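The residues making up each chain are set out below.
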Amino acid sequence: MPRTNRMSDALEKFQMRLHSEWLPAFCFAPRNNYSVEGFRTSSLRALDAFDAEWFLQAIDRRLVTHEDGTFRAPLSSAVESIFWQLEKSIVPRPVTLWREPVITIGAVARLHVQFGWPIAFLGMQSKRKWAFDLVGYGVDTSRELLLCEVKKSDREIEKLKALMLRYCAEEPLEVEPPKGELQNAYRKVQDIRISWPLRVWLLGPGGRGELYGIERESSTCRFKMIPEPIENLAYRNFVDSGR
C-alpha cells in the first residue's frame, strides 16, 4: 500500500476506534461520567497521520495497556489520557483530543519497533515532578538513559530548545522561574542534572524533533546538548556507551 494511502487509513482507523473504544471508556469511567456527545470532533483535525499510525501500533502490539480511557507503559510513573476536558459550565461538558499523549504513546512504539528498545524498559512520565513525558531505562530499571519531552507543535519545540540551551550552560539558579515556559524548561534542565541521561529527545508532531547527547562539563552542573542523528536512538547505542 502506498504510504499516503496508509497514512490516510491510519487517521480513519484512529477516528473510528476513538469513537467506538477509547472515548466511551473515558466518558463512562466512574470518576468521569461525561457525555460522548460533548466530544469536539474538530480537535481531530490537527492530528498528524504519522502520530495516529504509531499510536495504533502501540495499541495493537499491546505495548501499552488501556483502562477507562487511560494508557500505561510497563515502567510508567503515571497513566496517560488522550482526552482533555473544557469548561464545566457547558453541558454536555466539552471533551477534546489531547495530542501530546497521542504522540508520546506513539513514541513508545517507535522506540520498541523502530529502535529496538525492550518494552520492559520504557515508561511514560519521569519520576520527579513528571518533568519528561517518556523515559528509557537501563537494565536495572533505575538508570534513566533517555529522557523524551513531547510538544504539540514545531514552534513549542524550538522555544523549549532555546530555553534549555540557555539554562544548561549556567549554574543552577537560587530560585527557579516562578511559572510558565521558563519554569518548564528549567525543571527539565534540573531533572537532567539529577539523572544525567545519555540523551534527550525533544519530539514534536509528525516525528519531527531533535535528539541531543548530554555532555557534562567536568564535575560541574553545567552541560552541553550536542545534536545527534535520530538513528542514535537505537537501543544498542545506549547499551554500548559504557556510561
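Keep in mind the model is a prediction, meaning the values are calculated, not measured. Every chain begins its residue count from 1, and numbering advances along the sequence as written. Selection of residues for local features in this predicted model requires a pLDDT of at least 70, selection of side-chain atom pairs for listing and counting requires 80 or more, and totals for whole chains, interfaces and linings are taken over all residues. As a rule here, side-chain values come from all non-hydrogen atoms in the structure, and water together with hydrogens is ignored.

Caption draft 1: Seen up close, the side chain of S76. The way it works is that DSSP assigns letters per residue, a run of H or I at least four long becomes a helix, a run of E at least two long becomes a strand, and they are numbered from the N terminus. Residue placement: S76 occurs in the loop between β2 (70–72) and β3 (80–81). Partly exposed residues are those whose accessible area sits between 20% and 50% of the maximum for their type, while under 20% is buried and over 50% is exposed, using a 1.4 Å probe and protein chains only. You can call S76 buried: its relative accessible area is 11%. Here a polar contact is taken to be a pair of N or O atoms separated by no more than 3.5 Å, where protein atoms must pair a possible hydrogen donor with a possible acceptor and residues adjacent in sequence count only if both atoms sit in side chains. Looking at S76, its side chain comes within polar contact range of the main-chain nitrogen of A73, at 2.9 Å. Throughout, a residue-residue contact means that at least one pair of heavy atoms, one from each residue, lies within 4.5 Å. In contact with S76, other than residues within four places in its own chain, are L122, G123 and M124.

Caption draft 2: Spatial organisation of the environment of E12. Mapped onto the elements, E12 comes out in helix α1 (residues 3–27). Taking relative accessible area as the criterion, E12 reaches 52% and is therefore assigned exposed. Between the C-alpha atom of E12 and that of A52, which follows or precedes it by 40 residues, the distance is 9.1 Å.

Caption draft 3: Focus on the pairing of strand β9 (residues 199–203). Counting buried residues in β9 gives five out of five residues, a clear majority hidden from the surface. Going residue by residue along β9, you find R199, W201 and L203 tucked away on one face and V200 and L202 tucked away on the opposite face as well. Pairing between strands requires that DSSP locate at least two bridges from one strand to the other. One ladder, built from five bridges, connects strand β8 (residues 144–150) with β9; its direction is parallel. The residue bridging E149 from the neighbouring strand is L202, located in β9. Across five bridges, the pairing between β9 and strand β10 (residues 209–216) is antiparallel. Bridge pairing in β10 links L203 to G209. Adjacent in sequence and paired antiparallel, β9 and β10 are bridged by five residues, among which G206 carries a positive phi angle near 65°.

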